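Coordinates in review
If you want the building blocks of each chain, they are given just below.
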Amino acid sequence: MELHVESAVNRIRVPLAGIRSWLFFGPVAVTTLVGVGMMLDIVQANGLTPLEVIILGLFAVTFGWISIAFWNAVIGFALITLRRDPLSLECSATGPTARCPIVTRTALAMPVYNEDPVRTLNGLAVMLRSLARTGQGDRFDLFLLSDTTDSDIARGEEAAVQTLRQQFNNYEGIRYRRRPTNIGQKAGNIEEFCRRWGSCYDFMVVLDADSIMTGSTLVKLVRTMEDNPGAGLIQTVPIPARRGTLFGRLLQFAAQLYSPILATGQSFWQTNSANYWGHNAIIRVAAFKALCRLPVLPGRPPLGGAILSHDFVEAALLRRGGWSIYLLPGIGGSYEEVPGNIIDYTKRDRRWCQGSLQHLRLVLLPGWHWMSRLHFLHGAMGYVSSVFWLLMLLASTLYVVLPQINADSYLEASYPIWTDWPSSAEILGMSAREIVPLLGVTVGLLFLPKVLALILALGRERQSFGGGTRLVLSAILEMFLAVVVAPLMMMYHTRFVVSVLSGHNIQWEAQARVERTISWKDACVGTVGVVAVGVAWTSFTLYFSPGFFLWLTPIFAGMLLAAPLVRWTSSESLGESTRRWGLFLVPSETLSSPEFKTFSWRERSKPGPSLEIDVGAFPARRQPSGIERKPRAAFVDTLSSR
């Protein structure tokens, strides 16, 4: 089977679309079965007990989860190495193709909510200047869609927009709208934009307040949509940039290094049913207006009410309506910012966790494409998997420790079932025969994707990472710190899942974008629960089974050192030191991209310089014929009408 869209230059063809999911999930299933078989050999030595069955079930879920990421990376590595496009499987384009001017109109829509207006508008100025260099700037209009509730910030937004207009020769395509109330939050903001102005535009590019996209990328997205009338949405891969703290630099380095192979693998097997991540994507406005009004879930928050993570649902609604959704991992030129410390990062994750768990209520509703159901499950598993990991580790601790308690004869006298249980020494003694090979396979699944990404970077773009030696050293340090921070994130995500399931609701507030160093007090307060659990778990294990304590040392270290980790990784001085030493460098820092020359690497809320723009690309007055008016279409609640 082959999906084919007749088009001009940027047509998207997907040969073998019908079997790609089998080519992906087949290896995932085989890998998972092999791992489960190895674990079964370990735990069934004396027959399966209820605890061993629980451990086996938890292991199957967690092992399958890491197998998905592993095969994503393997497929992505193979395609990039062979220089094959993940959708068409043809040789990737090696250079730009000359095209006539684009003929459609596109709105750049940026919803904001109590954001720093100067910082936000500086980023938009960079994008407009980049568009001017393409010669296609007059085909784009910019909308700052404010839901700001702070009157001082709102006045700053108005002043910043006016300054931006003046810098761009009073270009009328720069528009500002503020809603008196933020009904529906970001999704409601975009819905209101579509209702008021959607009929004037063929496409819209949805941006976050920290988004930066190059002009060439925006033009390429528009031309691809023009050439593929069946495409409803095209998602780029936003890469973190402009971070200064150690934690922020770690995140942007890891994303720059690992995202290409993971996203390429996803694009291969998701074909025309990819997902939407809420920003840095181009959307066909007519399709969005007709299909993407969000439902209100029955019941009370946190699992009922308005859907927090609207993007997955909007993608599912488009796909259900027959529109294709593509992920283009190789297009480049798409950037975002990430929180600069663990505390702010986990606050954002808490919101996403609630939204992702809400998606589980949608999985079994009729009409979804099967890939959309998978996206719902996959998003929720990003958080629920931490619960499974923690439960498996706790169950394994009991599995090892209970024989030692049994040695005190209390259990043997009270519960004869424990008399056939292998001793603690016997369990740990199995390591050389069975546990070590399984551990080796697990470590391979976790780290081989990182190694493959490193190999690609060394062969193709090592200079943009500061050179081969610095790249290798940075990758090794990132892997080490990722292992240390992982237990802390596991505990946070577990707490978030429990919080949502126990009925604790949160509101979607403005994201912390300006970096800050966490004080020791805030670090201790924010990690006190993690440290308390770590102390109790460590003491229990060390007392009853010192041998098993050594196996879990990486887990215990991340939990007991939680406060110092939060404090040190939020340090801007440590981040600056790594930059000076050439560690965790990324192309947005090392390459002379005009989009980032405006900002110093530690740019904060500072006005950008006046931008000298080719005013011919941004006419001072809009010609009445410049916008093709289309009939307005009402939103349709597809969940109730279909």
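Computed from a prediction, not measured in an experiment: that's the story for all the values here. (Residues numbered from 1 in each chain as written. Predicted model: local features only at pLDDT ≥ 70, side-chain atom pairs only at ≥ 80, totals over all residues. Heavy atoms only, no water.)

Let's talk about the overall build of the chain
Counted only if it meets this: What counts as a helix is a DSSP run of H or I of at least four residues, what counts as a strand is a run of E of at least two, and both are numbered from the N terminus. Note on classification: 1.4 Å probe, protein chains only; a residue is buried when its accessible area is under 20% of the maximum for its type, exposed when over 50%, partly exposed between these limits. Only heavy atoms matter for contacts: two residues are in contact if any of them lie within 4.5 Å across the pair. Working definition of accessibility: Shrake-Rupley area with a 1.4 Å probe, residue cover restricted to the visible protein chains.
Looking only at helices and strands, the chain features 23 helices and 14 strands. Evaluated residue by residue, the chain yields a buried proportion of 56% over its 642 residues. Across the chain, the fraction of contacts at a sequence separation of at least 24, relative to all contacts at a separation of at least 6, is 83%. Approximately 27,000 Å² of the chain is accessible, and the part contributed by carbon and sulfur atoms is 63%.

Details of the nonpolar core
Let me state the cut-off plainly: Put simply, buried Ala, Val, Leu, Ile, Met, Phe, Trp, Tyr and Cys residues joined by side-chain atoms within 4.5 Å make one nonpolar core.
Judged by nonpolar contacts, the single largest core of 85 residues is most densely connected at Leu124, Leu164, Phe193 and Met204. Setting aside chain neighbours within four positions, we find Leu164 in contact with Leu121, Leu124, Ala125, Leu128, Leu142 and Ile174. Ranked by size, the runner-up nonpolar core spans 52 residues in total, among them Ile342, Met381, Val530 and Trp537.

Remarks on the environment of Phe584
With respect to the helices, strands and loops of the structure, Phe584 is situated in the loop between helix H20 (572–580) and helix H21 (587–590). Beyond its immediate stretch of four places on either side in the chain, Phe584 contacts Leu246, Arg249, Leu250, Phe253, Ser474, Leu477, Glu478, Thr578 and Glu589.

Thoughts on the sheet that holds strand S9 (residues 239–240)
What holds strands together in a sheet is hydrogen bonding between their backbones, with the strands either parallel or antiparallel. We apply this condition: If DSSP finds at least two bridges between two strands, the strands pair.
The strand order across the open sheet formed by three strands is S7-S14-S9, and the pairing between neighbours is mixed. The open sheet has two edge strands, strand S7 (212–213) and S9, and neither has a second partner.

Notes on the packing of helix H10 (residues 342–359) against helix H15 (residues 468–501)
Here is the rule: Only the stretch in contact is used when a helix axis is fitted, and all axes are lines through C-alpha atoms; the angle between N-to-C directions ranges over 0 to 180 degrees. For classification, angles of less than 35 degrees are called roughly parallel, those exceeding 145 degrees roughly antiparallel, those between 65 and 115 degrees roughly perpendicular, and all remaining angles oblique. Note: crossing handedness is left-handed where the near helix turns anticlockwise from the far helix by less than a right angle, and right-handed where it turns clockwise. Think of it as three bins: nonpolar holds Ala, Val, Leu, Ile, Met, Phe, Trp, Tyr, Cys and Pro, charged holds Asp, Glu, Lys and Arg, and polar takes everything else, Gly as well.
Between H10 and H15, the least distance of the axes is 10 Å, while the angle of their chain directions is 40°. Comparing the axis directions of H10 and H15 gives the class oblique. Two packed elements cross with a definite hand, and for H10 against H15 that hand is right-handed. Two secondary-structure elements touch here, H10 through Ile342, Ile343, Tyr345, Thr346, Asp349, Arg350, Cys353, Gln354 and Leu357 and H15 through Val485, Leu488, Met489, Tyr492, His493, Phe496, Val497, Ser499 and Val500. Of the residues contributing to the contact of H10 with H15, the split by class is twelve nonpolar, four polar and two charged.

Some points on the sheet that holds strand S3 (residues 106–112)
Taken in spatial order, the seven strands make up an open sheet running S5-S4-S3-S6-S10-S8-S13, and their pairing is mixed. At either margin of the open sheet sits one strand with a lone partner, and together these are strand S5 (174–178) and strand S13 (324–327). On average, each strand axis in the sheet is inclined to that of its neighbour by 20°, with strand direction left out of account. With five bridges joining them, strand S4 (residues 140–146) and S5 adopt parallel strand pairing. Its bridge partner lying in S5, Leu144 is registered against Tyr176.

Observations concerning the packing of aromatic side chains
Each aromatic ring pair is specified by the distance between its two centres and by the angle formed by the two planes. This is how the line gets drawn: Here the aromatic set is Phe, Tyr and Trp, taking the six-membered ring for Trp, and pairing holds for ring centres within 6.5 Å; pairs whose planes are under 30 degrees apart are stacked, those over 60 apart are edge-to-face, and all others are tilted. In this analysis the charged atom, NZ for Lys or CZ for Arg, is taken to sit over a ring once it is within 6 Å of the ring centre and within 35 degrees of the ring normal.
Overall, the coordinates contain 19 aromatic pairs when judged by the stated rule. Here Trp368 and Phe376 contribute two aromatic rings whose centre-to-centre distance is 5.6 Å and whose plane-to-plane angle is 80°, an arrangement assigned as edge-to-face. Judged by relative accessible area, Phe376 falls into the buried class, the value being 0%. When the ring of Tyr543 is compared with that of Phe544, the centres are 4.8 Å apart and the planes differ by 90°; the resulting orientation is edge-to-face. The exposed category is assigned to Tyr543, whose relative accessible area is 67%. Taking relative accessible area as the criterion, Phe544 reaches 21% and is therefore assigned partly exposed. Taken together, the ring pairs connect Phe143, Phe193, Trp197 and Tyr201 into an aromatic cluster. One cation-aromatic arrangement involves Arg320 over Trp368; the distance from NZ or CZ to the ring centre is 4.9 Å.

Structural notes on the pairing of strand S8 (residues 231–235)
Of all five residues that make up S8, five are buried, and the element is covered over most of its length. Inspection of the sheet shows S8 paired to S13 by four bridges, in the parallel sense. Residue Ala231 lies in a different strand from S13, and its bridge partner there is Ser324.

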